[in-house]
Amino acid sequence: MKRAIPVLVLSVAGLIPVWRYEPSTGTTSTTEAASTPSVSSSTSSSGSTTITGTTVTTEKGDVQVQVTYEGGRITAVKMLKQPNHPQTTAAVPKLIAETLTAQSADIDTVSGATLTSNGYKESLQAAIDAKGA
């Protein structure tokens, strides 16, 4: 009986932070200007077209891609803006390689860089949509 009261008090004291915990609600990526996306395009003399996707703001920082097309195929993707984070730096080559293989924004999210991956895919999709327009 002597141990029951301290165990009960400590159990309640340990549960109070759990009851008071409020999860963060700002974990999704959003487009900087949803109604007027900023997509730019240029064509070189060699026949390649370069399209810059929208800037996507994430919790880690802004993400923006530039896509180069030659003959309707994606031949290069360049990150114009990316968060200064080690996981992002490691994820970018994987995202670019998957884009070149898939030739679309339908690629896998890189584990550990989910926010950057989602921002990358959103900016990439805006550039692909601009190419089709």
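A brief look at the structure comes next.

What counts, and at which threshold
- Residues numbered from 1 in each chain as written.
- Predicted model: local features only at pLDDT ≥ 70, side-chain atom pairs only at ≥ 80, totals over all residues.
- Heavy atoms only, no water.
- Helix = DSSP H or I, 4+ residues; strand = E, 2+ residues; numbered from the N terminus.
- Buried < 20%, exposed > 50% of the residue type's maximum accessible area, 1.4 Å probe, protein only.
- Contact = heavy atoms within 4.5 Å.
- Areas by Shrake-Rupley, 256 points an atom, 1.4 Å probe, with all protein chains shown as cover.
- Pairing = 2+ DSSP bridges.
- Expected span 1.5 Å × (residues − 1).
- Core = buried A, V, L, I, M, F, W, Y, C linked by side-chain atoms within 4.5 Å.
- Polar contact = N/O pair within 3.5 Å; in protein donor to acceptor, adjacent residues only side chain to side chain.

### Considerations on the overall build of the chain
Part 1 of the reasoning: When helices and strands are counted, the chain shows 3 helices and 6 strands.
Part 2 of the reasoning: For the chain, the sequential pattern of α-helices and β-strands runs α-β-β-β-β-β-β-α-α.
Part 3 of the reasoning: Out of the 133 residues in the chain, the part that is buried amounts to 30%.
Part 4 of the reasoning: Long-range pairs, those at least 24 residues apart, make up 41% of the contacts in the chain between residues at least 6 apart in sequence.
Part 5 of the reasoning: Looking at the chain as shown, the accessible area adds up to about 8400 Å², and 55% of this sits on carbon and sulfur atoms.

### With respect to the pairing of strand E6 (residues 73-81)
Part 1 of the reasoning: Looking at chain direction, strand E5 (residues 62-70) and E6 are connected through 7 bridges and run antiparallel. When the bridges of E6 are listed, Gln 66 appears paired with Lys 78.
Part 2 of the reasoning: Count of turn residues in the E5/E6 antiparallel hairpin: 2 residues, of which Gly 71 carries a positive phi of about 60 degrees.

### Some details on helix H1 (residues 4-20)
Part 1 of the reasoning: Taking 1.5 Å per residue, 17 residues should reach 24 Å; H1 reaches 25 Å between its end C-alpha atoms and fits that length.
Part 2 of the reasoning: Burial within H1 is sparse, with just 0 of its 17 residues counted as buried.

### Observations regarding the nonpolar core
Part 1 of the reasoning: Ranked by internal contacts, the top residues of the largest apolar core, which has 19 residues, are Val 65, Val 67, Val 77, Met 79, Leu 95, Tyr 120 and Leu 124.
Part 2 of the reasoning: Of all the secondary-structure elements, those providing two or more residues to this core are E5, E6, helix H2 (86-102) and helix H3 (114-132).
Part 3 of the reasoning: Once residues lying within four places of it in the same chain are set aside, the contact partners of Val 77 are Val 65, Gln 66, Ile 96, Thr 99, Leu 100 and Tyr 120.

### Some points on the environment of Thr 116
Part 1 of the reasoning: Looking at where Thr 116 falls in the secondary structure, it is placed in helix H3.
Part 2 of the reasoning: On the basis of relative accessibility, which here comes to 2%, the residue Thr 116 falls in the buried class.
Part 3 of the reasoning: Taking the C-alpha atoms as reference points, Thr 116 and Thr 89, separated by 27 residues in sequence, lie 9.9 Å from one another.
Part 4 of the reasoning: When sequence neighbours within four positions are dropped, the list of residues in contact with Thr 116 reads Val 63, Pro 83 and Thr 88.
Part 5 of the reasoning: Reaching out from Thr 116, the side chain makes a polar contact with the side chain of Thr 88 at a distance of 3.0 Å.

### Here's the deal with the pairing of E5
Part 1 of the reasoning: The sheet contact formed by strand E3 (residues 48-52) and E5 spans 5 bridges and is antiparallel. From the neighbouring strand, Thr 52 faces E5, where its bridge partner is Gln 66.
Part 2 of the reasoning: Pairing analysis gives 2 bridges linking strand E4 (residues 56-57) to E5, with the strands arranged antiparallel. Within the sheet, the bridge partner assigned to Thr 57 lies in E5 and is Asp 62.
Part 3 of the reasoning: Between E4 and E5, which pair antiparallel one after the other, the connecting turn spans 4 residues, and Gly 61 there sits at a positive phi close to 145 degrees.

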